[in-house]
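Structure assessment
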Amino acid sequence: MDKKLLIIDGLNLIRRFYAALESEQDLVRRVERAQSITIEALVKLAHQFNPSYAVVVFDSNGKTWRHNLYPEYKLGRVPMDDLLLESLPDFAKLFRFNHFPCLRLDGWEADDLIATLAVKAAHNNVTSYIVSTDKGFTQLLGDERILQYDYFAKLGYDKIWVPGKYGVEPHQLVDYWALVGDTTNRIPGVKGIGPKTALTIISSFPTIEEIYANVTFFSERIQTMLAGGYEQCLQSRSLVALKTDVDVGVRLSQLRYTPKAES
């Protein structure tokens, strides 16, 4: 049987369930209901994918290297309710009780930990299923052993899906996003360059370095937009690119999944 690693983007799942319960006025009850629904979702996912290994990955508190590189990173995002934030350790305890290992590393976003786990698993011929709605993970889908699943839309994404969605291959996404920006995380692109123009540019030269080395190839309109944006593009690409070499301090064998026996 092919080995599979189920990687859950913890906060991505929890926050959406919590938001869906906004009609619940009792915040303690709201958190409890979110915990119950999240556990149900994890069990469903385990039944669906029948993984050999599983892990729920959490963000660390505070700033990360991206905030240090670009202080405006994620600026303006609606903060998490205090009670939900305080209850995250309880979520993790519940997950572990139900045999789902959890991972959190100070100074790191879950995205980088997830990317590292998926790439390392792929190198060991283990197929990873990343459960998240975050589009950033699509940059990893060039490897056929890395797939993404949206629990809420019930949709799976692979390397074939990416060109249909964005018009570029998975490995080109970081350069594409460097040009158009990432509004979700407040990462700037090049002013005036939208998806269509970015595709025109990348179809001629696929990386930021090649684009700026051949800037005179483009029309005067595009040259004007690109002018002076090289350093910004490099910084934006660095911000959107997921780290795949984080020292997570966890071996794959430690993430082995054995379903909790029904009582």
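Overview of the structure. (Residues numbered from 1 in each chain as written. Predicted model: local features only at pLDDT ≥ 70, side-chain atom pairs only at ≥ 80, totals over all residues. Heavy atoms only, no water.)

1. As for the sheet that holds strand β2 (residues 53-57)
Under the convention used in this document: Here, any two strands with at least 2 DSSP bridges between them count as paired. Numbering goes from the N terminus for both helices and strands, where a helix is a DSSP run of H or I of at least four residues and a strand is a run of E of at least two. In what follows, a contact means two residues having at least one pair of non-hydrogen atoms within 4.5 Å. Axes here mean lines fitted to C-alpha atoms, for a helix over just the part in contact, with angles spanning 0 to 180 degrees between N-to-C directions.
With mixed pairing, the six strands of this open sheet are ordered in space as β3-β2-β1-β4-β5-β6. Since the sheet does not close on itself, it has two edges, and those belong to β3 (102-103) and β6 (155-157), each with one partner. Here five bridges tie strand β1 (residues 4-9) to β2, and the two strands are oriented parallel to one another. Across the sheet, Asp 9 pairs through a bridge with Val 57, a residue of β2. Across the sheet, helix α2 (residues 27-49) is in contact with β1, β2, β4 (127-131) and β5 (146-150); its angle to β1 comes to roughly 155°.

2. A word on the packing of helix α1 (residues 10-20) against helix α4 (residues 82-97)
Keep this limit in mind: By definition, any crossing whose near helix is turned counterclockwise from its far helix by less than a right angle is left-handed, and any crossing with a clockwise turn is right-handed. Charged residues are taken to be Asp, Glu, Lys and Arg, nonpolar residues to be Ala, Val, Leu, Ile, Met, Phe, Trp, Tyr, Cys and Pro, and polar residues to be all remaining types, Gly included.
The interhelical angle for the contact between α1 and α4, taken along N-to-C directions, is 115°, at an axis separation of 12 Å. In the crossing of α1 with α4, the sense of the turn from one axis to the other is right-handed. In this structure, α1 contributes Leu 11, Ile 14 and Tyr 18 to the contact, and α4 contributes Leu 84, Leu 88, Phe 91 and Phe 95. In terms of residue class, the contact of α1 with α4 is built from seven nonpolar, no polar and no charged.

3. Thoughts on the side chain of Arg 66
Note the threshold: In protein, a polar contact means a hydrogen-donor-capable atom and an acceptor-capable atom, both N or O and within 3.5 Å, with residues adjacent in sequence counting only if both atoms are side-chain atoms; elsewhere, any N or O pair within 3.5 Å suffices.
With respect to the secondary-structure elements, Arg 66 resides in helix α3 (residues 65-69). One polar contact links the side chain of Arg 66 to the main-chain carbonyl oxygen of Leu 239, over a distance of 2.7 Å. Discounting residues that sit within four places of it in the chain, Arg 66 has contacts with Tyr 73, Glu 109, Asp 112, Leu 239, Ala 241, Leu 242 and Lys 243.

4. Things to note about unusual backbone geometry
Definition in use: Relative accessibility under 20% of the residue-type maximum defines a buried residue, over 50% an exposed one, and the middle range a partly exposed one, all with a 1.4 Å probe and only protein chains included.
For Asn 50, which is not a glycine, the phi torsion comes out positive at approximately 45°. Inspection of the secondary structure assignment puts Asn 50 in the loop between α2 and β2. The exposure class assigned to Asn 50 is partly exposed, which follows from its relative accessible area of 44%. Phi at Arg 186 takes a positive value of approximately 60°, unusual for a residue other than glycine. With respect to the secondary-structure elements, Arg 186 resides in the loop between α7 (173-180) and α8 (195-204). The class of Arg 186 is partly exposed, set by a relative accessible area of 42%.

5. Re the packing of aromatic side chains
What counts is decided by this rule: For Phe, Tyr and Trp, rings pair up if their centres lie within 6.5 Å, where Trp contributes its six-membered ring, and each pair is then called stacked (planes under 30 degrees apart), edge-to-face (over 60) or tilted (otherwise).
With the rule as written, the count across this model stands at 16 aromatic pairs. Each ring, one from Tyr 157 and one from Trp 161, has its centre 4.1 Å from the other, and the planes form 35°; the classification is tilted. Accessibility expressed as a relative area gives 27% for Trp 161, which makes it partly exposed. Ring-pair connections join several aromatic residues into one group, and the members of that group are Tyr 157, Trp 161, Tyr 166, Tyr 176 and Trp 177.

6. Here we look at the pairing of β2
Within β2, five of the five residues are buried, leaving the element largely enclosed by the surrounding structure. Alternating positions in β2 separate into two faces, Tyr 53, Val 55 and Val 57 on one and Ala 54 and Val 56 on the other, with burial throughout. Relative to β3, β2 runs parallel, the two sharing two bridges. Within the sheet, the bridge partner assigned to Val 56 lies in β3 and is Cys 102.

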